Amino acid sequence: MSVRIVVCAKEVLDPDAVNNYALEGRLTIGDDGRTLTQTSIPRVMNAYDEQGIEAALRLREAGLACTITVVSVGVADGSEILKHAAALGADEIVAIPLDQTTTDHHGIARLLAAYLRSSGGAGIVLCGRQASDDDQGVVPALVGELLDMPVVTVARSLEALGEGALRVVRVTPDGDETVEVSCPAIVTISNELGTPRYPTMAGRMAARKKKATVLQADSLGVSDLRPKVVLARQFVPAVKGECEIIGGTAAEAAERLVARLRAESVLRS
Amino acid sequence: MTGVVVCTWGMGRAGGPPAGTEELLTLARKTARALDSKLHWLVLGPLPNDAAAVAGRYGVAGIDHVADAKLERFQADVHVAALAQYCRAKLPRLVLVGQTHDARLLAPRVAGRIGAAVVMNGMDVARAEGGGLQVTASAYGGDTRVAYDLVGDGAFVVGVNTSVLLPEPDGSAAVPVDTIPVDLSGVEERIRVTARAVTEGPRLEDADIVVAGGRGLGAPENFRLVTELAAALGGMAGASRPIVDDGWAEPFRQVGLTGRITRPTLYVAVGISGASQHMVGCAAAKTLVAINRDPEAAVFRYARYGIVGDCLEILPELIRVVKT
């Protein structure tokens, strides 16, 4: 027997590039009031989802007999992120093309749930903890409800306990927590998993030949994807920028700062 | 469809409501008024100390209390079931939860179960021009803001980042507490915790002064300077994620998106560049001081006061001055 692992991946604007533009004060929104306009920002796989693939590969390397499928909603055949997934070692890549502005997270979750159902289910579903563009992180939980699967969030590491269960170390604000869950289960992966690998040359060569399975929403039996949550506007927040730099030698700056904080009663003694 | 519900579980400082409750109630009261409807506060599990008094200060029409032995501590399946049953019975239009780690799972699961729409990272909920609700949220790790229209007559669940809000008490009415029955007898937790995260002693969330260190400290042993300054100020030491990952500081000290959300009077960021993921955890500080060698560091954009220089030279001086 072999466990089917399905990793859900999203294509996003490179958040580091977005952040660089933001820090330089050059991040701008287009005429539609919603879309970032910088054409030089590359589109990449959501880094947390890439860590989902990494987690799947590590389960395989640890000896779990499994197949790894990577599915993405909102990309077309020939998608670079799916090629990347194949180069990393995905056995199967699946594209569900869709203009994402025509639906919301619930719609995305319904498509993923319909895909999982129609493709024979999965023992383990791995997702990034959130997408780095909208930061919502709600799709895994919604899929979990639609398929009645438990959802373990913000994993640092996972280990297969045979084929029927997982042990997951979760990152929590109180430190690490270890949990066990029976499969089928959904696990969301956090950056604490560690840096994902790069594809090997051989992996890249093999990926060139790999074709994505392309599935349309209606063939999955999903209709009426009309959103209840609609992006009306996006804007760049005003930065405070009122920082007062306190100068002098280290000793002088320290004295001036503490005097200021005491004068303003931020410090009481 | 009736009203706005704030849902909380667990306790905060001294057995009181969890951190952020008063901020959340402030936003919920404003939203309820805009919708011309009532605000209810739903407590899952043990009632926090002073809940009725707090409710009275924030215009809550009634506390709805769901008590069950299974709700003593957070368990996802049980809490989701309890809130979903409540929503099916009371049909709230809008459910607001403070965005803790647990809420990040609970909110979308409840939404999925009752067929509601969900938005996380909320910073404001207001009436849009067309009369519907609009949620302002953060995106791109805080680099942008987004406004989402909530379309239709259905229910909505919104996770709110309370660290960006201020509490505004108003009045002191007597608030009734209603016990709401739910049936959790058939709910078995599917996730078994085999090793719980342990925290003891004071919590960063409750600290009035936080001194936090990052990579700019240069070496693990220099975190001691952060701890010393924190102690001299009567506060707590915090840390950025990279140095927690590298073992320079204990995990419970981590501030930011994957760590603690602090709301101190004074936050001193030492050798921290100011990545948005970190700033999420200290944006609510009343006064933010940044010490960094790089005058272009993003942290200075958020700070009230800044010192540009080597933190290894500045920290000993600060410790000396504070002690005198």
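Worth saying up front: this structure is predicted, and the values here are computed from it rather than measured. (Residues numbered from 1 in each chain as written. Chains lettered and ligands numbered in written order. Predicted model: local features only at pLDDT ≥ 70, side-chain atom pairs only at ≥ 80, totals over all residues.)

1. Considering the domain arrangement of chain B
Phase 1 of the analysis: Each assigned domain of chain B is listed here: domain 1 (4-179) and domain 2 (204-323).
Phase 2 of the analysis: One C-alpha centre belongs to domain 1 of chain B, the other to domain 2 of chain B; they are set 31 Å apart. (Domains from an automatic or database assignment.)

2. As for the pairing of strand S7 (residues 151-161) of chain A
Residues and elements named next belong to chain A.
Phase 1 of the analysis: For S7, a buried count of eight out of 11 residues is recorded, marking the element as mostly surrounded by other parts of the structure.
Phase 2 of the analysis: Pairing between S7 and strand S10 (residues 185-189): three bridges, direction parallel. Counterpart to Val 151 in the pairing with S10 is Ile 186.
Phase 3 of the analysis: Looking at chain direction, S7 and strand S8 (residues 165-172) are connected through six bridges and run antiparallel. Across the sheet, Leu 161 pairs through a bridge with Ala 165, a residue of S8.
Phase 4 of the analysis: Hairpin connection from S7 to S8: three residues lie between these consecutive antiparallel strands, with Gly 162 at a positive phi of about 70 degrees. (Buried ≥ 20, exposed ≤ 12 C-beta atoms within 10 Å, placed from the backbone. Helix = DSSP H or I, 4+ residues; strand = E, 2+ residues; numbered from the N terminus. Pairing = 2+ DSSP bridges.)

3. Overview of the pairing of strand S11 (residues 209-213) of chain B
Residues and elements named next belong to chain B.
Phase 1 of the analysis: Among the five residues of S11, five are classified as buried, and the element is accordingly described as predominantly covered.
Phase 2 of the analysis: Of the two faces of S11, the one carrying Ile 209, Val 211 and Gly 213 and the one carrying Val 210 and Ala 212 are both buried.
Phase 3 of the analysis: Pairing analysis gives five bridges linking S11 to strand S13 (residues 266-270), with the strands arranged parallel. The partner of Val 211 across the bridge, within S13, is Val 268.
Phase 4 of the analysis: Pairing of S11 with strand S12 (residues 236-239) involves four bridges; the strand directions are parallel. Considered in S12, the bridge of Val 210 is made with Met 236.
Phase 5 of the analysis: Following the chain from S11 across helix H5 (residues 223-232) to the adjacent parallel S12, one finds a crossover that is right-handed. (Right-handed = clockwise from strand over helix to strand, strands pointing away.)

4. Some details on the sheet that holds strand S5 (residues 92-96) of chain A
Phase 1 of the analysis: Pairing is mixed across the open sheet formed by 10 strands, whose spatial order is S11(A)-S5(A)-S4(A)-S1(A)-S6(A)-S10(A)-S7(A)-S8(A)-S9(A)-S10(B). At either end of the open sheet lies a strand with only one pairing partner, and these are strand S11 (213-214) of chain A together with strand S10 (191-195) of chain B.
Phase 2 of the analysis: In terms of strand pairing, strand S4 (residues 66-73) of chain A meets S5 of chain A through five bridges, oriented parallel. Within S5 of chain A, the position partnered with Val 71 of chain A by the bridge is Val 94 of chain A.

5. Observations regarding unusual backbone geometry
Trans peptide bonds make up the majority, and among non-glycine residues the majority have a negative phi.
Phase 1 of the analysis: For the bond running from Cys 183 of chain A to Pro 184 of chain A, omega is 5 degrees, close enough to zero to count as cis.
Phase 2 of the analysis: Note on placement: Pro 184 of chain A falls in the loop between strand S9 (175-182) and S10.
Phase 3 of the analysis: With a phi close to 55 degrees, Val 154 of chain A is a non-glycine residue in the positive phi region.
Phase 4 of the analysis: Tracing the backbone shows Val 154 of chain A in strand S7.
Phase 5 of the analysis: The backbone of Leu 91 of chain B sits at a positive phi, close to 50 degrees, despite the residue not being glycine.
Phase 6 of the analysis: Inspection of the secondary structure assignment puts Leu 91 of chain B in the loop between helix H3 (76-90) and strand S4 (94-98).

6. Things to note about the interface of chain A and chain B
Phase 1 of the analysis: Listed by partner, the interface residues are 66 residues for chain A and 65 residues for chain B.
Phase 2 of the analysis: Counting residues per element, the ones that place at least two in the side of chain A that touches chain B are helix H1 (15-23), helix H5 (139-147), S7, S8, S9, strand S12 (229-235), strand S13 (244-245) and helix H7 (250-263) of chain A.
Phase 3 of the analysis: Sorting elements by how many residues they give to the side of chain A that touches chain B places H7 of chain A first, with nine residues.
Phase 4 of the analysis: Within the side of chain A that touches chain B, the residues separate by chemical class into 38 nonpolar, 13 polar and 15 charged.
Phase 5 of the analysis: When S9 of chain A meets S10 of chain B, the two strands line up antiparallel, connected through four bridges. Each residue of the ladder has a partner; that of Val 181 of chain A, found in S10 of chain B, is Ile 191 of chain B. (Contact = placed C-beta atoms within 7 Å. Nonpolar A, V, L, I, M, F, W, Y, C, P; charged D, E, K, R; others polar.)

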